[in-house]
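Chain by chain, the residues run as shown.
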Amino acid sequence: MIEAMGLEKRYGDKVAVHDLTFTARPGVVTGFLGPNGAGKSTTMRMILGLDRPSRGEVRVNGRRYRDAVAPMHEVGVMLEARAVHTGRTAAKHLLALAQTHGISRRRVNEVIEMVGLADVARKRAGGFSLGMGQRLGIASALLGDPATLILDEPVNGLDPEGIRWIRSLLRDLAAEGRTVFLSSHLMSEMALTATHLVIVGRGRLIAETTVAEVIASASPAAVHVRTPQSAALRDVLVGAGVTVTATAADTLEVTGRTSAQIGEAARTAGLALHELTPKQVSLEDAFMDLTRGAVEYATEAPHSPHPGTDAEKTLALAGATRSEIPT
Ligand SMILES: Nc1ncnc2c1ncn2[C@@H]1O[C@H](COP(=O)(O)OP(=O)(O)OP(=O)(O)O)[C@@H](O)[C@H]1O
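Residues numbered from 1 in each chain as written. Predicted model: local features only at pLDDT ≥ 70, side-chain atom pairs only at ≥ 80, totals over all residues.

As recorded in an unreviewed UniProt entry, the chain goes by the name ABC transporter ATP-binding protein, listed as coming from Frankia canadensis. Note on the chain: under the UniProt heading Sequence similarities (unreviewed entry), the record states "Belongs to the ABC transporter superfamily." (UniProt positions renumbered as here; feature names shortened; annotations may be inferred.)

In structure tokens, the structure reads:
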């Protein structure tokens, strides 16, 4: 369990984190989401006692992390995947970590297997790809079999197979009852990995919510309907709270009715349906809706003469300036 209460961090005049309160609970993957510069790393450093809060406090399993008796058993951390001795092999790196924390050699072999590094464990970590480095970072975090995992952008640099692997690993670790807290600046990525979300922009909490709520809070999704009798179906469907828009001769976009209701209505009226597809609200769209109230953040937009990509617009809403958006 991670509990942040009124956390604040100032660097001179710069407020990196402002009055941040949230909870990451055991048994769920909590995504810490925000654009670059939103204050995620600073918050993670405060959780781990690497930065001292200017105000407020944060507790891990009920106490400050630096008061932990066996820190590697309590919290597994990956802040900087590349923080390894490049001349050492992956196995030696993990063994050195294990030995200084009273962890067995057997556990080292276990985590090597768990993260899929068995074939390269005797190779020097300096020659590792970014993805292999991430796996080694995760192996280090898992060494102490910790109750809580804190991972900064763990998906960075992984190939699609690696991304799938880490998603299921994190979900499994949470299902075992652990607290899994990971940061990302990608909403779409979080949707596939996390269930609980702590969304920050400019060091402030924008929302503490769930992926399901973000989607549900967005404007209702439409149902895409294809039928050779579109005019007749439209007449059947129109009514209070329903909008029916013809997007082609045989295609309607319907809001205000579920696909089941549309299917039933068509059957009752004896009309043929060739397609009935609920349109999923994209998470980026849902995120835009959620953060629309934070319009003061969007005042950065005039810097850009062009609207930019959807990702840039999302980030602009959440408080990033263009210079903070990675290329
Ligand atoms: N040591 C420091 N001195 C001054 N400002 C800092 C320091 N560390 C961070 N900041 C500023 O605090 C803000 C939050 O930074 P932080 O690195 O925590 O954000 P982030 O969400 O982790 O971003 P990223 O995804 O780029 O790592 C940024 O504006 C950053 O420039």
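Draft legend 1. A look at the overall build of the chain. Within the chain one finds 13 helices and 13 strands. Out of the 327 residues belonging to the chain, those deemed buried represent 40%. Nonlocal contacts in the chain, meaning residues at least 24 apart in sequence, comprise 68% of its contacts between residues at least 6 apart. (Helix = DSSP H or I, 4+ residues; strand = E, 2+ residues; numbered from the N terminus. Buried ≥ 20, exposed ≤ 12 C-beta atoms within 10 Å, placed from the backbone. Contact = placed C-beta atoms within 7 Å.)

Draft legend 2. Main features of the packing of helix 3 (residues 90-100) against helix 5 (residues 130-142). At a minimum axis distance of 10 Å, the contact between helix 3 and helix 5 shows a crossing angle of 25 degrees. It follows that helix 3 is roughly parallel to helix 5 by the angle criterion. The interaxial crossing formed by helix 3 with helix 5 has right-handed handedness. Within the contact between the two elements, helix 3 uses Ala90, His93, Leu94 and Leu97 and helix 5 uses Leu136, Ala139 and Ser140. Split into classes, the residues belonging to the contact of helix 3 with helix 5 amount to five nonpolar, two polar and no charged. (Axes fitted to C-alpha atoms, helices over the stretch in contact; angles between N-to-C directions. Parallel < 35°, antiparallel > 145°, perpendicular 65-115°, else oblique. Left-handed = near helix turned anticlockwise from the far one by under 90°. Nonpolar A, V, L, I, M, F, W, Y, C, P; charged D, E, K, R; others polar.)

Draft legend 3. Spotlight on the confidence of the model for the chain. Looking at the chain, the pLDDT average stands at 83 and 85% of residues meet or exceed 70. Counted against residues more than four places away or in other chains, residues 294-327, with its pLDDT under 50, gives 48 contacts. Both confidence scores are given for the complex: pTM 0.75, ipTM 0.95. (pLDDT = per-residue confidence, 0-100.)

Draft legend 4. Expanded view of the nonpolar core. By size, the foremost hydrophobic cluster in this structure holds 70 residues, and its most contacted members are Leu94, Ile112 and Ala139. Considering each element in turn, this core owes the most residues, six residues, to helix 5. Residue contacts for Ile112: discarding those within four places in its chain leaves Ala91, Leu94, Leu117, Ala118, Ala121 and Ala139. Counting ten residues, the second largest nonpolar core, distinct from the first, contains Val225, Leu237, Val254 and Ile262. (Core = buried A, V, L, I, M, F, W, Y, C linked by C-beta atoms within 7 Å.)

Draft legend 5. Looking closely at the site of the ligand. The local shell around the ligand consists of Tyr11, Lys14, Ala16, Gly34, Asn36, Gly37, Ala38, Gly39, Lys40, Ser41, Thr42 and His185. Going through the elements one at a time, strand 2 (14-24) and helix 1 (40-47) are the ones with two or more residues in the shell around the ligand. Per-element tally for the shell around the ligand: the top contributor is helix 1, with three residues. (Near = placed C-beta within 6 Å.)

Draft legend 6. Summary view of the packing of helix 3 against helix 4 (residues 105-114). Put simply, helix 3 and helix 4 touch, their axes get as near as 9 Å, and they point 135 degrees apart. The orientation of helix 3 relative to helix 4 falls into the category oblique. Crossing handedness for the pair helix 3 and helix 4: right-handed. Two secondary-structure elements touch here, helix 3 through Ala91, Leu94, Leu95 and Ala98 and helix 4 through Arg105, Arg107, Val108, Val111 and Ile112. For the contact of helix 3 with helix 4, the per-class residue count stands at seven nonpolar, no polar and two charged.

Draft legend 7. Broad picture of the sheet that holds strand 12 (residues 251-255). Sheet architecture is open: four strands sit in the order 11-12-10-13, paired in antiparallel fashion. At either end of the open sheet lies a strand with only one pairing partner, and these are strand 11 (243-248) and strand 13 (275-278). When the angles between neighbouring strand axes are averaged without regard to direction, this sheet yields 20 degrees. In this fold helix 9 (residues 230-237) packs onto strand 10 (223-226), strand 11 and strand 12, with an angle of close to 15 degrees to the strand it touches most, strand 12. Taken strand by strand, helix 10 (residues 259-268) contacts strand 10, strand 12 and strand 13, and its axis lies near 160 degrees from that of strand 13. (Pairing = 2+ DSSP bridges.)

Draft legend 8. Local environment of unusual backbone geometry. Although it is not a glycine, Asp145 adopts a positive phi angle of roughly 50 degrees. You can see Asp145 is positioned in the loop between helix 5 and strand 6 (148-152). Positive phi, close to 50 degrees, is recorded for Arg202, a residue that is not glycine. Along the chain, Arg202 falls in the loop between strand 8 (196-201) and strand 9 (204-210).

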